[in-house]
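A look at the structure
Residues per chain, in single letters:
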Amino acid sequence: MRRSALGGFQDLEGKHAVVMGGAGFLGSHVCTWLVYSGAQVTCLDNLITGNASNAAHLMGDKRFRLIDYDVTDYMHISGDVDYVMNFASPASPVDYLKWPIHTLKVGAFGTHKGLGLALDKGAVFFLASTSEVYGDPQVNPQPETYWGNVNPIGPRGVYDEAKRFAEAMTLAYNREHGLDTRIVRIFNTYGPRMRADDGRAVPAFFKAALEGTPLPVHGDGSQTRSLCYVDDEVEGILRLLLSDETDPVNIGNPEEVTMIELAEAVQDVVGNHPGIEFHPRPTDDPTVRRPDTTRAEDILGWKAQISLRQGLERTLPWFKDVLGH
Ligand code: NAD
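What comes next is a walk through the structure. Worth saying up front: this structure is predicted, and the values here are computed from it rather than measured.

Relative to the elements of secondary structure, glutamine 138 occurs in the loop between β5 (124-130) and α4 (157-177). The sequence separation of glutamine 138 and valine 288 amounts to 150 residues, and the corresponding C-alpha distance is 8.5 Å. With residues up to four places along the chain from it excluded, the contact list for glutamine 138 reads Tyr146 and Asn149.

Okay, the packing of aromatic side chains next. Aromatic ring pairs are described here by two measures, namely the spacing of the ring centres and the angle between the planes. One pass over the full model with this rule turns up seven aromatic pairs. Centroid distance phenylalanine 9 to tryptophan 33: 6.3 Å. Interplanar angle 40°. Geometry classified as tilted. Highlighted residues: phenylalanine 9 in the segment before β1 (16-20) and tryptophan 33 in helix α1 (residues 25-36), separated in sequence by 24 residues. Exposure remark for phenylalanine 9: the relative accessible area of 0% places this residue in the buried category.

As a further point, take the pattern of salt bridges. Counted by the stated rule, this structure contains 16 salt bridges. One salt bridge connects arginine 164 with glutamate 161, and the closest N-O pair in it is separated by 3.7 Å. Taken as a pair, arginine 164 and glutamate 161 lie in helix α4 at a separation of three residues, close to a single helical turn. Residue classification places arginine 164 among the partly exposed positions, given a relative accessible area of 30%. Because the salt bridges share partners, they merge into one network encompassing Glu132, Arg156, Arg225, Arg281, Asp285 and Arg289.

A few words now on unusual backbone geometry. With an omega of 0°, the peptide bond between asparagine 140 and proline 141 qualifies as cis. Looking at the element boundaries, proline 141 is found in the loop between β5 and α4. With phi around 85°, arginine 193 is a residue other than glycine that occupies positive phi space. Within the element layout of this structure, arginine 193 appears in the loop between β7 (189-190) and α5 (201-211). One non-glycine residue with positive phi stands out, namely aspartate 284, at about 60°. Here aspartate 284 shows up in the loop between β13 (276-279) and α8 (294-300).

Its location among the elements puts asparagine 253 in the loop between β11 (249-251) and β12 (256-258). By relative accessible area, which is 6% here, asparagine 253 ends up buried. A distance of 3.0 Å separates a polar side-chain atom of asparagine 253 from the backbone nitrogen of glutamate 255. At a separation of 3.1 Å, a polar atom in the side chain of asparagine 253 contacts the main-chain carbonyl oxygen of isoleucine 306. If we skip the residues at most four places from it in the chain, asparagine 253 touches Ser226, Leu227, Cys228, Pro291, Ala304 and Ile306.

Turning our attention to the side chain of glutamate 167. Mapped onto the elements of the fold, glutamate 167 is located in helix α4. With sequence-adjacent residues up to four places away left out, glutamate 167 is seen in contact with Leu127, Ser129, Val133, Ile183, Arg185 and Pro248.

The subject of this paragraph is the site of the ligand. Near the ligand there are 29 residues, and of these Leu26, Asp45, Thr49, Tyr159 and Lys163 occur at the shortest range. Interatomic distance of 2.8 Å between a backbone N/O atom of phenylalanine 25 and an oxygen atom of the ligand. Backbone polar atom of isoleucine 48 to an oxygen atom of the ligand: 3.0 Å apart, as the coordinates give it. If the ligand stood free it would expose 820 Å²; the protein chains cover 97% of that surface. Residue assignment for the shell around the ligand shows that the elements contributing at least two residues are α1, α3 (100-121), β5 and α4. The element contributing the most residues to the shell around the ligand is β5, with three residues. For the shell around the ligand, the residue count by class is 14 nonpolar, eleven polar and four charged.

Conventions adopted
- Residues numbered from 1 in each chain as written.
- Predicted model: local features only at pLDDT ≥ 70, side-chain atom pairs only at ≥ 80, totals over all residues.
- Heavy atoms only, no water.
- Helix = DSSP H or I, 4+ residues; strand = E, 2+ residues; numbered from the N terminus.
- Contact = heavy atoms within 4.5 Å.
- Phe/Tyr/Trp six-rings, centres within 6.5 Å; stacked < 30°, edge-to-face > 60°.
- Buried < 20%, exposed > 50% of the residue type's maximum accessible area, 1.4 Å probe, protein only.
- Salt bridge = Lys/Arg side-chain N within 4 Å of Asp/Glu carboxyl O.
- Polar contact = N/O pair within 3.5 Å; in protein donor to acceptor, adjacent residues only side chain to side chain.
- Near = heavy atom within 4 Å.
- Areas by Shrake-Rupley, 256 points an atom, 1.4 Å probe, with all protein chains shown as cover.
- Nonpolar A, V, L, I, M, F, W, Y, C, P; charged D, E, K, R; others polar.

In structure tokens, the structure reads:
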């Protein structure tokens, strides 16, 4: 695979990608890299948690179009399609707890509709799955072979099980119809275009540090996460898209930190130390989370390059801007 510059995946030049959920945080970065690589992009998004402003920089480009559309409905796209990429789903706990039925519907019906479109067009289908398929893992770090520890009937089950269903459906299309499919298991990703109020730790910590209020930490803050800067994540996603790997691949940064360490790192980067305030731990909140990225390294030649400190520094201007600092 040839790549000349940021976003410059030359193998994508002239290809047509349909990106479901492309006006969200991660999807909008994927659309940007696709367009900068010379691809034509049709973004379908009902804007439930996304925003057209995430794609504002692409609006004048004739290679990009955004259609306000609910992907749980039948999708028709005229002309050839090379890739159907499904990023549509509420993704932060605040969002999927607010829209539990929609989360299940978009993971199930949205994925099914996307698979149907890919089959009709002879396109590659790409599923954005999640580390949440591992639930509250009893194995750390998590390799792709680990089957997970998910509570199907807890409040988070709507997201975790929707993604597990989506993976099963994707592989069913691969096995029954011979559809060319990819599945990425994305570990916590952060960066510019996250909503300041989406409830995830990075936005919540930046908001509090910038506003000078104590950073909200769940439980005693000893639970861990491994955070990947968005540019690293998108690079891994596009490498996987252009590979011929059907089995799920973890893409994430294995630099594991406790929530207390993350809160301290954000305060250092912001240069303001209002301290920490402890809140009750959400139900079924995972205790540890860290990707085993051996397969991504072996198969895709991919490894996260941007350290947590560097990524937080690159993210700071975004939160300063959206919060008016
Ligand atoms: P996001 O909420 O910013 O983006 C999701 C997008 O999907 C939004 O633009 C939303 O409007 C759209 N959408 C939801 N339902 C839709 C529907 N029915 N029809 C059309 N569009 C719909 O979240 P994100 O963080 O960018 O996550 C994108 C994808 O990546 C999700 O599938 C998520 O599960 C996955 N993922 C993200 C992370 C992460 O750390 N950001 C981690 C693991 C997996």
